[in-house]
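A closer look at the structure
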Amino acid sequence: MTILETLGGKLLDATIGKILEDSVAFMAGKLSYRETVVNIKRSLGLDPQPDPTDFYAIYRFALIDYGVTKPKAVLEFFKEEFIVAAYQSAFYKNNPQVLAKEAESLIDWNKQEELFALHENFDYRREFAQFSAMFNEYVNNSR
């Protein structure tokens, strides 16, 4: 088992679980989007701003902001090891082009994987682009 599968996987499981749990209040109109995001971060014990050197902090912050309105299948996609690894590579190389290259290979992967076949109604390439924009915003703002 890799560190990604243990520590990173547990962090992402907890984050996705909390997003799904708390987004119900947002969808019901009980909380604003911003209140929902703040509540999720607070309940996960995250600092107000992510540590600029901590990939998982930045990834989780981006996932929370991006994911409040997303279904479970889309959130689970961003827990896939090869997806997390692409973002991690872009982060440590300080090169967002890594993500652009990964998006291109996503098309080929999309044609072959059952994960996508189960969720044909999602445009994962678009979701990848939207999350990438959020992730890059956090990276840029934290540095």
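Here is a short report on the structure shown in this document. (Residues numbered from 1 in each chain as written. Predicted model: local features only at pLDDT ≥ 70, side-chain atom pairs only at ≥ 80, totals over all residues. Heavy atoms only, no water.)

Okay, helix 5 (residues 81-93) next. Every α-helix carries 3.6 residues per turn, so stepping three or four residues along brings you back to the same face. Compared with the 18 Å implied by 1.5 Å per residue over 13 residues, the 18 Å span of helix 5 between its first and last C-alpha is a close match. Listed as buried for helix 5 are Ile 83, Val 84, Ala 86, Tyr 87, Ala 90 and Phe 91. Buried residues in helix 5, looked at end-on, bunch into an arc of 155 degrees, giving them a common side. Exposed residues lying more than 90 degrees from the buried face of helix 5 are Tyr 92 and Lys 93. (Helix = DSSP H or I, 4+ residues; strand = E, 2+ residues; numbered from the N terminus. Expected span 1.5 Å × (residues − 1). Buried < 20%, exposed > 50% of the residue type's maximum accessible area, 1.4 Å probe, protein only. Arc of directions from axis to C-beta.)

Moving on: helix 8 (residues 124-142). Under the 1.5 Å per step criterion, the end-to-end length of helix 8 is 26 Å for 19 residues, consistent within 8% with the ideal 27 Å. Within the span of helix 8, buried status applies to Tyr 124, Glu 127, Phe 128, Phe 131, Ser 132, Phe 135, Tyr 138, Val 139 and Ser 142. For helix 8, the angular spread of the buried residues around the axis is 130 degrees, confining them to a single face. With respect to the buried face of helix 8, the exposed residues turned more than 90 degrees away are Asn 140 and Asn 141.

Counting residues in each nonpolar core, the largest one holds 35 residues, and the members touching the most others are Phe 55, Tyr 59, Leu 63, Phe 78, Tyr 87, Phe 131 and Phe 135. Contributing elements (two or more residues each) for this core: helix 1 (3-27), helix 2 (33-43), helix 3 (55-67), helix 4 (72-77), helix 5, helix 6 (97-112) and helix 8. No other element matches the nine residues that helix 3 contributes to this core. Setting aside its immediate chain neighbours within four residues, Phe 78 contacts Leu 12, Tyr 59, Leu 63, Tyr 66, Ile 83, Val 84, Tyr 87, Glu 127, Phe 128 and Phe 131. (Core = buried A, V, L, I, M, F, W, Y, C linked by side-chain atoms within 4.5 Å. Contact = heavy atoms within 4.5 Å.)

Where helix 3 contacts helix 5, the axes come no closer than 11 Å and their chain directions differ by 120 degrees. Taken together, the axes of helix 3 and helix 5 are oblique relative to one another. Note on packing geometry: the crossing formed by helix 3 with helix 5 is right-handed. Contacts between helix 3 and helix 5 involve Phe 55, Tyr 56, Ile 58 and Tyr 59 on the former and, on the latter, Ile 83, Val 84, Tyr 87, Gln 88, Phe 91 and Tyr 92. (Axes fitted to C-alpha atoms, helices over the stretch in contact; angles between N-to-C directions. Parallel < 35°, antiparallel > 145°, perpendicular 65-115°, else oblique. Left-handed = near helix turned anticlockwise from the far one by under 90°.)

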